[in-house]
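# Structural characterization, general
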Amino acid sequence: MLKQPVRRLGLLTLGTVLFSAIFAVGGISTPPVTSAAGILEIAELLAHPEQYDHQDVVVSGSVTNVQLATNRQGQPAYGFLLKDQAGTLKVISLGQADVHEGDQVIVEGVFNRLRQVGRSIVYNEIKALSVKPLNRLNPDLVG
């Protein structure tokens, strides 16, 4: 009978395994994948859109395809694609666009896994409450 080698786990790994096991019991899901700053990864949103539907989220990425618009009430609005190495989300917001192609930004807003627009359906969209370019953040506030 062959014995399997004993696998040693570090305290951090062991704590993560135990934490995940505790939350898996009784139908409680594991916590979302976030960075130390509380920023959700785009991959997590795309992998589990139903879990974040109509929820407040914070994500970061690179701005592409900026489009200016006016809403039905005549207010200025804009939209863009937020990209990182894991995927792409659409971001919409009211007000004047304070972002440009290629900017790295942090977006805070409400995620919608789908939204009906006339006959079309828009998937994986964030209605932004705040869009902050990373190059304009106060260095004293950044870890």
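Just so you know, these numbers come straight off a predicted model, no measurement behind them.

Rules of the game
Residues numbered from 1 in each chain as written. Predicted model: local features only at pLDDT ≥ 70, side-chain atom pairs only at ≥ 80, totals over all residues. Heavy atoms only, no water. Helix = DSSP H or I, 4+ residues; strand = E, 2+ residues; numbered from the N terminus. Buried < 20%, exposed > 50% of the residue type's maximum accessible area, 1.4 Å probe, protein only. Pairing = 2+ DSSP bridges. Phe/Tyr/Trp six-rings, centres within 6.5 Å; stacked < 30°, edge-to-face > 60°. Axes fitted to C-alpha atoms, helices over the stretch in contact; angles between N-to-C directions. Salt bridge = Lys/Arg side-chain N within 4 Å of Asp/Glu carboxyl O.

A positive phi angle is found at H54, which is not glycine, with a value near 65°. Locating H54 in the fold gives a position in the loop between α3 (49–52) and β1 (55–70). The class for H54 is exposed, based on a relative accessible area of 55%. Although it is not a glycine, N65 adopts a positive phi angle of roughly 55°. Here N65 is to be found in strand β1. By relative accessible area, which is 40% here, N65 ends up partly exposed.

Here β1 runs beside strand β4 (residues 104–117); their pairing, made up of eight bridges, is antiparallel. Bridged to G61 within β4 is V105. In the sheet, β1 pairs with strand β2 (residues 76–84) via seven bridges, with the strands oriented antiparallel. For S62, the partnering residue across the bridge sits in β2 and is K83. Between β1 and β2, which follow one another and run antiparallel, lie five residues, and G74 among them has a positive phi close to 85°.

Next up on the list: the packing of aromatic side chains. Counting across every chain of the model gives one aromatic pair. Ring geometry for Y78 and F80: centres 6.3 Å apart, planes at 10°, overall stacked. Classification of F80 by relative accessible area gives buried; the value is 1%.

Strand order around the closed barrel formed by five strands is β1-β2-β3-β5-β4, with mixed pairing between neighbours. Here the strands of the sheet are splayed against their neighbours by 50° on average, with no regard to which way each runs. Across three bridges, strand β3 (residues 87–94) lies against strand β5 (residues 120–133) in parallel orientation. Its bridge partner lying in β5, K90 is registered against E125.

Tallied over the full model, the rule gives three salt bridges. Its salt-bridge partner being D53, residue R113 comes within 3.6 Å of it at the nearest N-O pair. Residue R113 is located in strand β4, and its partner D53 is located in the loop between α3 and β1; the two are separated by 60 residues in the primary sequence. Between E108 and K132 there is a salt bridge whose closest N-O contact spans 3.5 Å. One end of the pair, E108, is in strand β4; the other, K132, is in strand β5, with 24 residues separating them in the sequence. Overall, the relative accessible area of 32% leaves E108 in the partly exposed class. Owing to a relative accessible area of 38%, K132 belongs among the partly exposed residues under this scheme.

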